[in-house]
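Next come the chains, spelled out residue by residue.
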Amino acid sequence: MLRRRSAVLVLGVQCVLTMPGQLSAAVMVGWGSNSCLQLDQPSGANYASVVAGDCYTLVLDGTGTLSVLGTDWVADGIRTDIPEGERFVAIRGKRGHALAQRTDGTLVGLGANDFGQASPPAEPFVAFAAGSNHSLGIRPVGTLAAWGFGDYGQTEIPEGND
């Protein structure tokens, strides 16, 4: 019996974390286009969370370590932005960028940043999301933050919520 743990769907790439039977570690199952080797999994990985983007898969393991699957410039950009030795508790991503949350709630931006979407404010967040070219966060006091591409109003926080 498989219990779904989380699922992500992006541009023909699907990744699902499953919890098989009584096993304590999740297993990533990926299918679809593997043109950038974004579905090639390292052996013995202990998956806690997974994010699929354009030609990359970002994996958070049970120890809080990040790894990137994929071989193109998007994956390489995310891989080089990961701070060495830091531990993370959550990840979100879309298209060419991703966000990783440290244990203190602050975020690290990874990958493409042409609109500032991977440049989060230096403050803790209790929830966060990565959009196509923008990102959003909820502060501990409940107010909202948005950064990145905002030409269609996606980074304009409604008055009284910022």
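Because the structure is a prediction, the values reported are computed rather than measured.

Criteria and cut-off values
- Throughout this document, residue positions are counted from 1 along each chain, in the order its sequence is written.
- Only residues with pLDDT of at least 70 are given local features in this predicted model, and only at 80 or more are side-chain atom pairs given and counted; all residues enter the totals for whole chains, interfaces and linings.
- As a convention, hydrogens and water are excluded, and side-chain values are obtained from all of the structure's heavy atoms.
- Note on exposure labels: buried denotes an accessible area under 20% of the residue type's maximum, exposed denotes more than 50%, and partly exposed covers the range between, all computed with a 1.4 Å probe on protein chains only.
- Helix numbers and strand numbers start at the N terminus; a helix is a DSSP run of H or I with at least 4 residues, a strand a run of E with at least 2.
- Between any two strands, pairing holds if DSSP finds at least two bridges.
- Axis lines are fitted to C-alpha atoms, over the contacting stretch for helices. Their N-to-C directions set the angle, which ranges from 0 to 180 degrees.
- Buried residues of nine kinds, namely Ala, Val, Leu, Ile, Met, Phe, Trp, Tyr and Cys, make up a nonpolar core once their side-chain atoms join them within 4.5 Å.
- Contacts: residue pairs with any heavy atoms within 4.5 Å of one another.
- Working note: the arc is built from the helix axis to C-beta atom directions.
- Note on aromatic contacts: the rings of Phe and Tyr and the six-membered ring of Trp form a pair at centre separations within 6.5 Å, being stacked when their planes are under 30 degrees apart, edge-to-face when over 60 apart, and tilted otherwise.
- Remark: a charge is flagged as sitting over a ring if the NZ atom of Lys or the CZ atom of Arg is within 6 Å of the ring centre and within 35 degrees of the ring normal.

(A) Examining the pairing of strand E5 (residues 56–61) more closely. Summarising burial for E5: five of the six residues are buried, a large majority. As defined by bridge partners, strand E4 (residues 47–53) adjoins E5 across six bridges and the pair is classed as antiparallel. When the bridges of E5 are listed, Tyr47 appears paired with Asp61. Hairpin geometry of E4 and E5 is characterised by an intervening segment of two residues between the two adjacent antiparallel strands and by a positive phi of about 65 degrees at Cys55. In this structure, E5 lies alongside strand E6 (residues 66–69), joined through four bridges in antiparallel fashion. Within E6, the residue paired with Thr57 across the bridge is Leu69. Linking E5 to E6, which pair antiparallel, is a turn of four residues; within it Gly64 sits at a positive phi near 90 degrees.

(B) Representation of the sheet that holds strand E12 (residues 144–148) within the structure. Taken in spatial order, the three strands line up as E10-E11-E12 in an open sheet, and their pairing is antiparallel. Two strands close off the open sheet at either side, each with one partner strand: strand E10 (127–130) and E12. Averaged over all pairs of adjacent strands, the angle between their axes in this sheet comes to 10 degrees, without regard to strand direction. Note that strand E11 (residues 134–138) and E12 share five bridges and pair antiparallel. Note that in E12 the partner of His134 across the bridge is Gly148.

(C) Examining the nonpolar core more closely. The biggest cluster of nonpolar side chains holds 16 residues, and the ones touching the most others in it are Tyr56, Leu58, Leu66, Val68, Ile78, Ile91 and Leu110. Put simply, the parts of the chain that give this core at least two residues each are E5, E6, helix H1 (73–81), strand E7 (88–94), strand E8 (97–102) and strand E9 (107–111). In contact with Leu66, not counting residues within four places along its chain, are Leu58, Val59, Leu60, Ile82, Phe88, Ile91, Ala100 and Leu110.

(D) Spotlight on H1. Taken as a whole, H1 has its buried residues at Val74, Ala75 and Ile78. Seen from one end, H1 has its buried residues packed into an arc of 95 degrees, which puts them on one side. Summarising the geometry of H1, the exposed residues directed more than 90 degrees from the buried face are Trp73 and Thr80. Check the buried side of H1 and you find it contacts E5, E6 and E9.

(E) Representation of the packing of aromatic side chains within the structure. Taken as a whole, this structure holds three aromatic pairs when the rule is applied. Ring geometry for Phe115 and Phe149: centres 4.8 Å apart, planes at 65 degrees, overall edge-to-face. Pair noted here: Phe115 is in the loop between E9 and E10 and Phe149 is in the segment after E12, with a separation of 34 residues, a long-range link. When the ring centre of Phe128 is taken as reference, the NZ or CZ atom of Arg92 above it lies at 4.8 Å.

(F) The pairing of E8, seen in detail. Burial within E8 is extensive, with five of its six residues counted as buried. Note that E7 and E8 share six bridges and pair antiparallel. Residue pairing in the sheet places Arg92 in a bridge with Leu99 of E8. Connecting E7 to the antiparallel partner E8 that follows it, the hairpin turn spans two residues, and Arg95 within it adopts a positive phi of roughly 50 degrees. Once E8 ends, the chain turns through four residues before running back antiparallel as E9, passing Gly105 with a positive phi of about 95 degrees.

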